[in-house]
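Listed below are the residues making up each chain.
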Amino acid sequence: MPPKTVIPGDGLEDGGRATLNQMTTATRQEVLGLYRRIFRLARKWQAASRQMEDTIKEKQYIVNEARMLFQKNKNLTDTDLIKQCIDECTARIEIGLHYQIPYPRPIHLPPMGLIPLRGRGLRSQEKLRKLSKPVYLQSHDEVS
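Figured I'd write up the structure that's included with this text. (Residues numbered from 1 in each chain as written. Predicted model: local features only at pLDDT ≥ 70, side-chain atom pairs only at ≥ 80, totals over all residues. Heavy atoms only, no water.)

One pass over the full model with this rule turns up 4 salt bridges. For R37, the salt bridge is made with E94, and the minimal N-O distance between the two is 2.7 Å. Residue R37 is found in helix 1 (residues 17-44), and its partner E94 is found in helix 3 (residues 79-99); the two are separated by 57 residues along the sequence. Judged by relative accessible area, R37 falls into the partly exposed class, the value being 30%. Its salt-bridge partner being E65, residue R92 comes within 3.1 Å of it at the nearest N-O pair. (Salt bridge = Lys/Arg side-chain N within 4 Å of Asp/Glu carboxyl O. Helix = DSSP H or I, 4+ residues; strand = E, 2+ residues; numbered from the N terminus. Buried < 20%, exposed > 50% of the residue type's maximum accessible area, 1.4 Å probe, protein only.)

Moving on to helix 2 (residues 52-72). Over its 21 residues, helix 2 extends 30 Å from the first C-alpha to the last, a length consistent with the 30 Å expected when each residue adds 1.5 Å. By the burial criterion, the buried members of helix 2 are T55, E58, Y61, I62, V63, E65, A66 and L69. (Expected span 1.5 Å × (residues − 1).)

Residues R36, R40, R43 and K44 make up a contiguous surface patch of positive charge. Tracing the sequence through the fold places R40 in helix 1. The class of R40 is partly exposed, set by a relative accessible area of 40%. (Patch = residues over 30% accessible without salt bridge, like charges linked within 9 Å, V, L, I, M, F, W, Y side chains within 5 Å. Areas by Shrake-Rupley, 256 points an atom, 1.4 Å probe, with all protein chains shown as cover. Lys, Arg positive; Asp, Glu negative; His and termini not counted. Charge placed at Lys NZ, Arg CZ, Asp CG, Glu CD.)

In this section: the nonpolar core. Note on soluble globular proteins: their nonpolar side chains tend to be buried together. Counting residues in each nonpolar core, the largest one holds 12 residues, listed as L34, I38, F39, A42, W45, I62, V63, A66, I82, I86, C89 and I93. Elements that contribute at least two residues to this core include exactly helix 1, helix 2 and helix 3. Setting aside its immediate chain neighbours within four residues, L34 contacts F70, I86, C89, T90 and I93. (Core = buried A, V, L, I, M, F, W, Y, C linked by side-chain atoms within 4.5 Å. Contact = heavy atoms within 4.5 Å.)

As structure tokens, then:
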């Protein structure tokens with residue numbers, strides 16, 4: 001392993017271990033807290049219809065979705081991607097609680113409804129659609 005260049009004042013005088021480990025520990029605690037929060041939410045979930053079979057289906061959806069997404073993202077190391085996943089998880093929890101539905105709220109955009117900067121090509125429309133996707137739907141199409 002090549003030696004690291006140490007610049008005084010950049011926080012890496014100790015090899016970067018303390019800063020990196022503290023950040024990783026804080027992020028790990030935040031992720032585990034979200035995971036526990038989701039399972040507590042699933043345990044207490046009551047369907048808006050108040051019917052038992054709907055409640056059971058929605059609880060099962062919450063648990064399965066959480067397990068699948070956390071399992072899929074367990075090997076992420078990029079802090080920006082981890083932060084995006086945390087933001088998505090938090091948004092989906094808050095939206096689910098507010099609207100009393102565990103499923104992600106769909107967005108409805110007409111196929112050529114976004115005005116591109118130049119031209120009206122299909123590729124530019126697809127790119128604009130991807131950029132306009134809300135944070136709570138970032139992983140939905142990848143999994144579905």
